[in-house]
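An overview of the molecular structure
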Amino acid sequence: MAIEKKFRICPLCEAGCGLEVYVEDGSVVKIRGDKNYPPSQGYICPKGAALKDLHEDPDLVRTPLIKENNSFREASWDEVFKLIEEKFLKIREEHGSNSIGAYLGNPNTHTMAGGLFLGPFLKSLKSKNLFTASTVDQMPKLAACGFMYGNPMRVPVPDINNTDFFVVFGANPLVSNGSLMSAPDMKKRIKKLKERGGKLAVIDPFKSATAEQADIYIPVNPGTDAVLLLSIINIFFRDNLVSLNQDQNLFKNFEELKKEAEEFTPEKAEQICGIEKDSIEILAKQIADTEKCSVYGRMGTCTVKYGAVTSWLIEAVNILAGNFDKKGGNLFPRPAHIPDGSLPKKGFKVHRFKSRVSGAGEVMGELPVSVMAEEMETQGEGQIKGFITIAGNPVIAVPESERLDKALDQLKFMVSVDYYINETTRHADVILPPASPLSHGHYDFFFHGLAVRNFASYSRPVIEKSDQEKDKWEILAKLILIMKNKGWQTPAQEIEKSMLNDIASQVIKGLGGEEKAGVTNEVLISMLNGEKGPERILDFLLRIGPYGDNFGLNPDGINLLKIIENNNYIDLGDLEPWCEKALLTPDSKIDIYPEDIKNSVKKLKKELKNSMEEKKNEFILIGRRHLRTNNSWMHNISSLSKNNRCTLFMNPADAQKIGIKNEDRVKVRTEVSEIIIPVEIKEQIKENVVSIPHGFGHDFEDIRMETARKNPGVNVNRIIPQKIDPVSGTSVLNGVSVKIKKC
Ligand SMILES: Nc1nc2c(c(=O)[nH]1)N[C@H]1C(S)=C(S)[C@@H](COP(=O)(O)OP(=O)(O)OC[C@H]3O[C@@H](n4cnc5c(=O)[nH]c(N)nc54)[C@H](O)[C@@H]3O)O[C@H]1N2
Ligand SMILES: Nc1nc2c(c(=O)[nH]1)N[C@H]1C(S)=C(S)[C@@H](COP(=O)(O)OP(=O)(O)OC[C@H]3O[C@@H](n4cnc5c(=O)[nH]c(N)nc54)[C@H](O)[C@@H]3O)O[C@H]1N2
Ligand code: SF4
Ligand SMILES: [Mo]
């Protein structure tokens, strides 16, 4: 049989590179970067090419599994769905709806099923005990954007293709390939920035691969970026550098922010942030003076003590320097599947309910992952007794992981939707494996909303799934049916139909009702393309979206078929200013100093007074990512696991101080636990700071990930305490005090 070349959007990270998948007789021969796909132009990282190995991994779970006598046996889909219905409905009947909790992991954002079916699934649980990886990740940024722009889905992204000064706080896009900024091949983009005379600044206690490229590098103390950003604002006001790109009336609380920043002088920041005052002055002036400047922050500004404050300040700096909603600055993407006017203009509220045990506040309908374990351990009404994880590995991903590991053991019934028997899913009573990622279509519902250029792209399934396999959307639809008491035997298509009907009803309502619109739900739905569930919903959303064909009313507009026929990609242009339309605050104004942030700023000020003194033998722990990893779950791929070492980086001066040589093993301790790890001595890490990558710790006997077990590493989350940024509920993963001793 001939080898066929098929197009696939890489589903592994936010960059969404275009892949050429060569298929022969139903098997993948090789995977290359697709030169003809405009966003990535042939770029691919080692993980993209390893999709083949993932697809063929002998350890992958390929049929549903049921645990019996402490080991898993294969089962049919009917058997597992019936069992889940029986167990979950009984738990819910006996203990109420909060007794069933759920955790959603990161890869959900990389599937169409995740984009469409998780909302209805979470709703069907009717539980307050919902958790996602967002609270070990980007929630502070989402919350800050929610407070300011009215909806956490309105995140301005750097116009990296047009900016002349790119200022990166706490992110390493050259390795992570970008986050909350979908932009494949950052290396090339940074090269182009420099070719047009632009500059790069990186603020990071670790001189990362990205920082190595920087024209200005500032090794800030971990967890102190909020103070640095406030001092930048202080300089802006002090030197009259504020120059808004919008009318000042668009903003509220302008004077309050100015007053608040007075205390945060560069002198103060110098002490706290451990950097020279002059470098702050230079940075502030260059941000203000560069016509097209984009300030951007990620993990190092989110998963810190003042995550929401820091994320807010990045927005504030962009606004004050006139770079908000401006070409070359930061702008809101306008994705093709979100119809204008479909998001409510009602602002954003947090902490609408609190967790049962420690009273942590809700954000975006979910509770902080750091309270997950206590909600399982603590008896009483609302205790989690049934649990479901979907595409997540919280035993590795979440702080105080040993505690969660134990808590999962106490559950009455646990279900995991996952490809692997890993550190988390080994606790499950039932594992439901979705079909290979290569066997479903792909459209980036999440990342088109974070992309540095507006476009719409779709890739068809590359491999046909077998009759025994189920698509992830079918699994989720079945779970929804079960939790809605509709019976596991009801066909998954019922959920798809009701979703299509809901969208159709809304459209028709928006047109003034059936009579005025002159169409019915059935007519609209019958016009859709795409043979599978999620595809038809996608087509619907694209047609009524901002560039849509409106079912023929706008003949030049787009739809799913047009994307496919246009080589899977339709360009929709550079990011453009549209903030007046994009804003979702009820009064159409931007609160430049939101109420929800103020308490945290007060606390920060108090801390300033007490100042931070160095403690003997104490180091500040931060995290890092390696190119050949993807959080915890791709360590089982041998092509990726080579040279992928889980070590502690330490500065040579520190190593000398405490008598440590390269490769020595050290004990790293916090109030929670301790781990033992080899040291790599690195010039690039700031003195008194150490770094350990996350995602490792595969030394469990009962996981089925043989390659990962050979190079297990240690799980840094065993020692990270469950502290959170109270505003956003997000864990403090960076800037953790640790004690280190030679073993
Ligand atoms: N190869 C690879 N790529 C990935 C992933 C992966 O696991 N591997 N994971 C994906 C996911 S889920 C995400 S969320 C993204 C994350 O994407 P990024 O945020 O770009 O990735 P990180 O490597 O976590 O970068 C954080 C940087 O912040 C620095 N830092 C730590 N603490 C501080 C601080 O207090 N202040 C400042 N200014 N800097 C600090 C660290 O030294 C590090 O260089 O990456 C995605 N891409
Ligand atoms: N200390 C520390 N901890 C961290 C971080 C850090 O920087 N430092 N980073 C945090 C961040 S940013 C993130 S996003 C989280 C990640 O945390 P999680 O999302 O909980 O963990 P992952 O390691 O991404 O595991 C993903 C799981 O999904 C499965 N999977 C993959 N694709 C699919 C799919 O299509 N369908 C289904 N059903 N399953 C699938 C994999 O087998 C794996 O079990 O970790 C967080 N934890
Ligand atoms: S950078 Fe991300 S999207 Fe691109 S090939 Fe690598 S893993 Fe896939
Ligand atoms: Mo993440």
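Residues numbered from 1 in each chain as written. Chains lettered and ligands numbered in written order. Predicted model: local features only at pLDDT ≥ 70, side-chain atom pairs only at ≥ 80, totals over all residues. Heavy atoms only, no water.

Remarks on the sheet that holds strand E1 (residues 4–9)
- Strand order in the open sheet formed by three strands is E1-E2-E3, with antiparallel pairing between adjacent strands. Each edge of the sheet is formed by a strand with only one pairing partner; in this case those strands are E1 and strand E3 (27–33). Taking each pair of neighbouring strands and ignoring which way they run, the sheet shows an average axis angle of 30°.
- Of the pairings in the sheet, the one linking strand E2 (residues 18–24) to E3 comprises six bridges and is antiparallel in character. Across the sheet, Leu19 pairs through a bridge with Gly33, a residue of E3. (Pairing = 2+ DSSP bridges. Helix = DSSP H or I, 4+ residues; strand = E, 2+ residues; numbered from the N terminus. Axes fitted to C-alpha atoms, helices over the stretch in contact; angles between N-to-C directions.)

Focus on the site of ligand 2
- What surrounds ligand 2 is a group of 29 residues, the closest being Tyr103, Asn106, Asp418, Asn422 and Ser632.
- In this structure, Ser632 approaches ligand 2 through a side-chain N or O atom, which is 2.5 Å from an oxygen atom.
- In the model, a nitrogen atom of ligand 2 is placed 2.9 Å from a nitrogen or oxygen of the Asn717 side chain.
- For ligand 2, whose free accessible area comes to 930 Å², the fraction covered by protein is 96%. (Near = heavy atom within 4 Å. Polar contact = N/O pair within 3.5 Å; in protein donor to acceptor, adjacent residues only side chain to side chain. Areas by Shrake-Rupley, 256 points an atom, 1.4 Å probe, with all protein chains shown as cover.)

Quick notes on helix H3 (residues 77–95)
- Helix length check: H3, at 19 residues, gives a terminal C-alpha distance of 27 Å against a target of 27 Å (1.5 Å per residue), a fit within 8%.
- Two residues or fewer past H3, Gly96 is found with a positive phi of approximately 90°. (Expected span 1.5 Å × (residues − 1).)

Let's talk about empty space enclosed by the protein
- A complete count under the given rule lists eight cavities of 30 Å³ or more for this structure.
- Here the largest cavity defines a volume of roughly 90 Å³.
- Along the wall of the largest cavity there are 13 residues; nearest its centre are Cys10, Cys13, Cys17, Cys45 and Gly48.
- Classifying every residue of the lining of the largest cavity gives nine nonpolar, three polar and one charged. (1 Å grid on protein atoms, 1.4 Å probe; cavity = no way out; pocket = protein on both sides within 12 Å on 5 of 7 lines; lining within 4 Å. Points joined across faces, edges and corners; volume = space filled by probe spheres on them. Nonpolar A, V, L, I, M, F, W, Y, C, P; charged D, E, K, R; others polar.)

Notes on the nonpolar core
- Judged by nonpolar contacts, the single largest core of 79 residues is most densely connected at Val167, Ile232, Phe236, Ile287 and Trp312.
- Dropping the residues within four chain positions of it, Trp312 is found in contact with Ala144, Met148, Leu257, Ile592, Tyr593, Pro594, Ile597 and Val601.
- Core analysis: the second largest hydrophobic core is formed by 67 residues, Ile100, Ala113, Ala477 and Leu528 among them. (Core = buried A, V, L, I, M, F, W, Y, C linked by side-chain atoms within 4.5 Å. Buried < 20%, exposed > 50% of the residue type's maximum accessible area, 1.4 Å probe, protein only. Contact = heavy atoms within 4.5 Å.)

Notes on the sheet that holds strand E7 (residues 130–132)
- If you walk across this open sheet you meet the seven strands as E5-E4-E17-E16-E15-E6-E7, and the pairing is mixed. With one partner strand each, in any of the chains shown, strand E5 (71–74) and E7 form the two edges of the open sheet. Mean inter-strand twist for the sheet, computed between neighbouring axes without regard to direction, equals 20°.
- Judged from the five bridges that link them, strand E15 (residues 386–390) and strand E16 (residues 413–417) form a sheet pairing that is parallel. Bridged to Phe387 within E16 is Met414.
- Against the sheet, helix H4 (residues 112–125) makes contact with strand E6 (100–104), E7 and E15, and its axis sits at roughly 160° relative to E6, the strand it touches most.

Side note on the environment of Phe387
- Relative to the elements of secondary structure, Phe387 occurs in strand E15.
- A relative accessible area of 0% places Phe387 in the buried class.
- Through-space distance from the C-alpha of Phe387 to that of Phe206 is 38 Å; in sequence the pair is 181 residues apart.
- Discounting chain neighbours no more than four positions away, the residues touching Phe387 are Phe88, Gly101, Ala102, Tyr103, Phe131, Met372, Met376, Leu408, Leu411, Phe413, Met414 and Val415.

Focus: the environment of Ile660
- Along the chain, Ile660 turns up in the loop between helix H27 (652–657) and strand E23 (665–669).
- Those residues in contact with Ile660 that sit more than four places away from it in its chain are Met650, Ala655, Val666, Val679, Ile681 and Lys742.

Topic: a negative patch on the surface
- Together, Glu267, Glu270, Glu276 and Asp278 make up a negatively charged patch on the protein surface.
- Following the sequence through the fold, Glu270 ends up in helix H11 (residues 266–273). (Patch = residues over 30% accessible without salt bridge, like charges linked within 9 Å, V, L, I, M, F, W, Y side chains within 5 Å. Salt bridge = Lys/Arg side-chain N within 4 Å of Asp/Glu carboxyl O. Lys, Arg positive; Asp, Glu negative; His and termini not counted. Charge placed at Lys NZ, Arg CZ, Asp CG, Glu CD.)

Here's the deal with the pattern of salt bridges
- Summed over all chains, the structure comprises 49 salt bridges.
- A salt bridge links Glu256 to Lys598; the nearest nitrogen and oxygen atoms lie 3.2 Å apart. Taken as a pair, Glu256 in helix H10 (residues 254–261) and Lys598 in helix H25 (residues 595–610) lie far apart in primary sequence, 342 residues in all.
- Through salt bridges with shared partners, a single network forms among Lys327, Arg453, Asp571, Asp574 and Glu576.

Digging into the packing of helix H9 (residues 225–238) against H11
- It is the contact of H9 with H11, at a shortest axis distance of 9 Å, that shows an interaxial angle of 165°. Between H9 and H11, the angle is such that the two are roughly antiparallel. As for the relative orientation of H9 and H11, their crossing is left-handed in sense. Every residue of H11 that contacts H9 at Val227, Leu228, Ser231, Asn234, Ile235 and Arg238 is listed here: Pro266, Ala269, Ile272 and Cys273.
- Of the residues contributing to the contact of H9 with H11, the split by class is seven nonpolar, two polar and one charged. (Parallel < 35°, antiparallel > 145°, perpendicular 65-115°, else oblique. Left-handed = near helix turned anticlockwise from the far one by under 90°.)

Re the pairing of strand E9 (residues 165–169)
- For E9, the buried fraction is high: five of the five residues fall into the buried class.
- Pairing geometry for E9 and strand E10 (residues 199–203), over five bridges, is parallel. Residue Val167 lies in a different strand from E10, and its bridge partner there is Ala201.

What about the packing of aromatic side chains?
- Counting across every chain of the model gives 18 aromatic pairs.
- Ring centres of Trp77 and Phe81 lie 5.7 Å apart, and the angle between their planes is 25°; on these two criteria the pair is classed as stacked. Remark: Phe81 and Trp77 occur in helix H3; sequence separation between them is four residues, near one turn of the helix. Neither residue differs from the other here; Trp77 and Phe81 are each classed as buried.
- Judged by centre distance (5.1 Å) and plane angle (85°), the ring pair of Tyr149 and Phe332 falls under edge-to-face. (Phe/Tyr/Trp six-rings, centres within 6.5 Å; stacked < 30°, edge-to-face > 60°.)

Observations concerning the state of the cysteines
- This structure, assessed with the given rule, holds zero disulfides.
- We note that Cys646 lacks a disulfide partner, and the nearest cysteine sulfur, in Cys743, lies 14 Å from it.
- Judged by its relative accessible area of 8%, Cys646 is buried. (Disulfide = S-S within 2.5 Å.)

Concerning helix H22 (residues 533–544)
- Between the first and last C-alpha of H22 there are 18 Å, a value that for 12 residues agrees with the 16 Å anticipated at 1.5 Å per step.
- Along H22, 11 of the 12 residues are buried, which leaves the element largely enclosed by surrounding structure.
- Residues of H22 that are buried: Gly533, Pro534, Glu535, Ile537, Leu538, Asp539, Phe540, Leu541, Leu542, Arg543 and Ile544.
- At its buried positions, H22 is contacted by H4, helix H18 (472–483), helix H19 (493–510), helix H21 (521–526) and helix H23 (560–565).

Considering the pairing of E15
- Taken across its five residues, E15 has five buried, putting it largely inside the fold.
- Pairing geometry for E6 and E15, over five bridges, is parallel. Across the sheet, the residue bridging to Gly101 is Phe387, located in E15.

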